[in-house]
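# Analysis of the macromolecular model
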Amino acid sequence: MIKGTIDKIAGPLVVADGMKDARMYDLVYVSDYALIGEIIELKGARASIQVYEETGGLKPGDPVTATGEPLSVELGPGLLTAIYDGIQRSLDKIREEAGDWITRGITIRGLDHEKEWNFKPVATESMEVSGGEILGEVPETEVIVHKVMVPPGVKGEITWVVDEGMYNIDTVIAKVKETSGETRELCMYHNWPVRKPRPVAEKIAPEEPLLTGQRVIDAFFPLGKGGTACVPGPFGSGKTVIQHQLAKWADAEIVVYIGCGERGNEMTDVLQEFPELEDPKSGKPLILRTVLVANTSNMPVAAREASVYTGITIGEYFRDMGYSVALMADSTSRWAEAMREMSGRLEEMPGEEGYPAYLGTRIAEFYERAGNVKCIGGDRNGALTVVGAVSPAGGDLSDPVVQATLRVVKVFWSLDAKLAYSRHFPAIGWLDSYSLYTENLKEYYNRELGDEWVLMMKEAMALLQREANLQEIARLVGAESLSSEDQLILYTARSLREDFLHQNAFHDIDTYTSITKQKIMMEVIMHTNGEMEKALHAGVSPRELFTLPLREEINRMRYIHEDDISDISAIKEHVTMQINGLIEKEQTA
Amino acid sequence: MIREYTTTVEISGPLMLVGSVEGVSYEELVEIELPNGEIRHGKVLEIDSSMALVQLFEGSSGTDISRSKVRFLGKQVELGVSVEMLGRVFDGQGRPRAPFDTAPPIVPEKMVNINGAPINPYARDYPAEFIQTGFSSIDGINTLVRGQKLPIFSGSGLPHSIVAAQIARQARVRGSEENFAVVFAAMGITFEEADYFIRDFRSTGAMDRAVVFMNLADDPAIERISTPRMALTAAEYLAYEKDMHILVIMTDMTNYCDALREIAAARKEVPGRRGYPGYLYTDLASIYERAGRIKGRKGSITQIPILTMPEDDKTHPIPDLTGYITEGQLILSRELHKKDIYPPMDVMESLSRLKDKGIGEGKTRGDHADLFNQLMAAYSAGKDSRELAVILGAAALSPLDQKYLKFAEEYEKRYISQGNHENRNIEETLDLGWELLKLLPREEMKRIDPKRLEQYWPANGSKKTEGS
């Protein structure tokens, strides 16, 4: 323990004197309130500390104690269903202790140390183990089995394992004789410093898509399991709704949702909705696979900086168990702003727009913690997919945070304010967005959906792109004066936009579309396009063609239940019938 | 223990640097006695082992280095609260504000730190009660709910004050006659604007249920930093301890942000965009996030902050950061204002993020969501047709486009526009929506659930709308 005294206070930055032996990023307790902070700069015996709680009322001369440990999280059973603040204090416990407002100096551990869990050993005595090896299993929630692992860095022979039974997380459940000859007692949890990535055996390129049930994403801009994506957009363009939709419907086994500097009511929404919503796969409440980290915009700014690391460390921990984890961070801009604020208080030389020069490095390091991996300590694979929302100033994509993020992520979902204003949601612009995973995932799609899928998507995308060009001309000369082929392009592209890309997150059925249903929907649209092309060649007038009642039926596809998919396929025949009707009429005339 | 110092070493702008201080704490309240006996107030902005940097609320004119006495009061900035506040007008520091209020100061029930504390997200209750404002453009399209923060983005010369006063006058939760009050915070607005609000409140009897905090354009700019916090502290007391439903109107947030910039500049901080400090987002959040509802408490705080966008630019840092914190925004449009449409609500760019939970069966009506989506889509298509008509001439439009064009015109004239004292209930608003949609062919109703459509617009009997 190193003890010093406060010398200077400026907002969340406190400078302490007498801290000669302290280390960078050590956790410190500030003043008699025991406010939690972290050392972010050392100059001689003076340490600059970012304090995770309000600093009002602190005085020079107040004591500062360094713990000698870096800021860490507790990893073990009890993480799921929890809601934490930025430094892994459980918000429900804070409420029990302090009431409806968050007051200062509350110390709460990340996990419940009293609760007993049913531990079932997997490892046996005299087994040689190393970090990551599974010691035993705990049914943490109805849907997730928590795998208790040997902490990374421990290596040796198991000398003793506890019998199956109910234990709290402080109980020793195994003993390992390390190669140094020392015996390590292991319990169900261990601590891990948040700023240090957890080790993996090997990283592999993503091979499977993270299916989200969102048509524009799954079909056009898919995200690989273990990949990274970013959603930048101005306010009101639906970033948060997209993040919520992913948290709800993504086919990941574990979801970590970080509300970083965002609205309090949004977190409340998640908290109230997730226990009620059912996971389409397990039929169990979504909350059972979710960990929430909430540091709303009015909570201390320094803890906001820590919240993304807290979240991703928890994500990595579940990945190490062999699960597919999806992490959503909303919004990484607030995290970057927290960095900027601390940097300003430290009087560092600013980079672009006042952001610190190391902004790009920090962002890259964060996204690099994602990945499809071979886990350490056994033969299993896990994946950590990271989706970050970015809130650029004024919606301007030249914002340093957007640019630094785009350099590292592989999927870019560009939110278009114009789409949002015309209430086309999700407002992911199809012309600017991209996914660099389409090649990696081709094999998966060919296997699951047949070779035609990828080709069909390319064709649909080409139509949408030609529409963008044609629209400009149509604006000048009127759509009616275009050639009938071009009019058909406009017609089909409109159908793609309105009947496929547009998706209502608040409609019971439309909110989630399985990839099988997506394929059939797309087939109907493209089939219609093909039939219409034939009809135009046969001399049917575009006006007659485009006012056929089939339009309405195609528009209703999205509301057809997943169980009645055959009803959608049937539409194809209705389309052919109606169009053939016109062709025949034309030929007899 | 009061400690008095005459060791001022520097005065610059609204800041005062006091040397050789001891035992002074961060954010402590300070009292400065000028040589002529006048008392000013301030707070500690930064402190190290010997120096305290003090921010003066009333500005530094008349202060001097050698004779001004600086007293540290050992507490942070506080507001005395009590139910007696209702019907009163205070200045930016919580004292009765002449000439609007000449009564003696209130007897506080208790003193509360004006900075408040963040509401634990776990303790929040999701806002879901529909507030009827009587404006179709708000109730039907960008529905306000209790506990929401929904700013009005306006521009100079637009009637935001009239809109805000009308909301304050008409806003009600339907079917309940609960305790309702308005807390009004004026920051740097003119006497005339302030007078408009006060007179409007007085003439409609709303004044008895209002608490006003007023910092006018000629009042000290730095005081504006505490004005909204004073108002919100009063609101929190009334909402969470006295079970009242509070509507907080704050105008004009742009002046607040400019005051913040003034201090940041005086401190020689590294400026962010347009000279505003890098922590503007965090600072604004500490105000806006004080709206909400809390589980197990009856009262609520709904905020309507008003800001004027410099040059009507929505990407200016103040509206931009506000939009990222608040749950939507109501944008007033100069174009509609010029067309003499009141309220000149730009419904396309406006948004209420919480509306989905506040509308529907049992709240407004079952058809509300579909109707809203369809109206928005139709208006958007109508505006596209209007653009097209400018290029091609209205005659060259397809019959369908002409229908949309007509729809957009009617929509603005009849749905958005309404009288300054016209209070439409939600049924009137919704029925008006259906009436307008019938200007369009029925098969264009793609956003409406077929069953719903059949209920409000049966298929038979409207066959003649074919032919696009």
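Let us look at the structure shown here. (Residues numbered from 1 in each chain as written. Chains lettered and ligands numbered in written order. Predicted model: local features only at pLDDT ≥ 70, side-chain atom pairs only at ≥ 80, totals over all residues. Heavy atoms only, no water.)

### Considering the packing of helix α5 (residues 253–266) of chain B against helix α6 (residues 280–288) of chain B
Residues and elements named next belong to chain B. Remark: α5 packs on α6, axes separated minimally by 11 Å, with the N-to-C direction vectors making an angle of 135°. As far as their axial angle goes, α6 and α5 are oblique. Judged by the twist between their axes, the crossing of α5 over α6 is right-handed. Here α5 contributes M253, Y256, C257 and L260 to the contact with α6, which in turn contributes L280, D283, L284, I287 and Y288. (Axes fitted to C-alpha atoms, helices over the stretch in contact; angles between N-to-C directions. Helix = DSSP H or I, 4+ residues; strand = E, 2+ residues; numbered from the N terminus. Parallel < 35°, antiparallel > 145°, perpendicular 65-115°, else oblique. Left-handed = near helix turned anticlockwise from the far one by under 90°. Contact = heavy atoms within 4.5 Å.)

### Quick word on the packing of aromatic side chains
All names here are of chain A. Enumeration over the complete set of coordinates arrives at 26 aromatic pairs over all chains. Taking 5.9 Å as the distance between ring centres and 80° as the angle between the ring planes, the aromatic pair formed by Y309 and W335 counts as edge-to-face. Remark: W335 occurs in helix α6 (residues 332–345) and Y309 occurs in helix α5 (residues 301–320); sequence separation between them is 26 residues. With respect to burial, Y309 and W335 carry one shared label: buried. Ring centres of Y445 and W453 lie 6.2 Å apart, and the angle between their planes is 40°; this geometry places the pair in the tilted category. (Phe/Tyr/Trp six-rings, centres within 6.5 Å; stacked < 30°, edge-to-face > 60°. Buried < 20%, exposed > 50% of the residue type's maximum accessible area, 1.4 Å probe, protein only.)

### Considerations on unusual backbone geometry
In this model, D330 of chain A is joined to S331 of chain A through a cis peptide bond whose omega is 5°. Within the secondary structure, S331 of chain A sits in the loop between β22 (324–330) and α6. Put simply, F425 of chain A and P426 of chain A share a cis peptide bond, and its omega is -10°. With respect to the element layout, P426 of chain A can be found in the loop between α9 (417–421) and β26 (434–435). Phi at E27 of chain B takes a positive value of approximately 70°, unusual for a residue other than glycine. Considering the arrangement of structural elements, one finds E27 of chain B in the loop between β3 (15–18) and β4 (28–33). Even without glycine at this site, D312 of chain B takes up a positive phi of about 55°. Structurally, the position occupied by D312 of chain B is in the loop between β20 (300–308) and α7 (317–325).

### Topic: the interface of chain B and chain A
Chain B puts 77 residues into the contact, and the matching count from chain A is 76 residues. Taken together, the connections running from chain B to chain A amount to five salt bridges. The tally of links from chain B across to chain A stands at 25 residue pairs in polar contact (both at pLDDT 80 or more). Looking at the side of chain B that touches chain A, the elements that each hand over two or more residues are β5 (39–48), β11 (124–125), α6, α7, α9 (355–358) and α10 (368–392) of chain B. The residue inventory of the side of chain B that touches chain A, partitioned by class, reads 35 nonpolar, 19 polar and 23 charged. (Salt bridge = Lys/Arg side-chain N within 4 Å of Asp/Glu carboxyl O. Polar contact = N/O pair within 3.5 Å; in protein donor to acceptor, adjacent residues only side chain to side chain. Nonpolar A, V, L, I, M, F, W, Y, C, P; charged D, E, K, R; others polar.)

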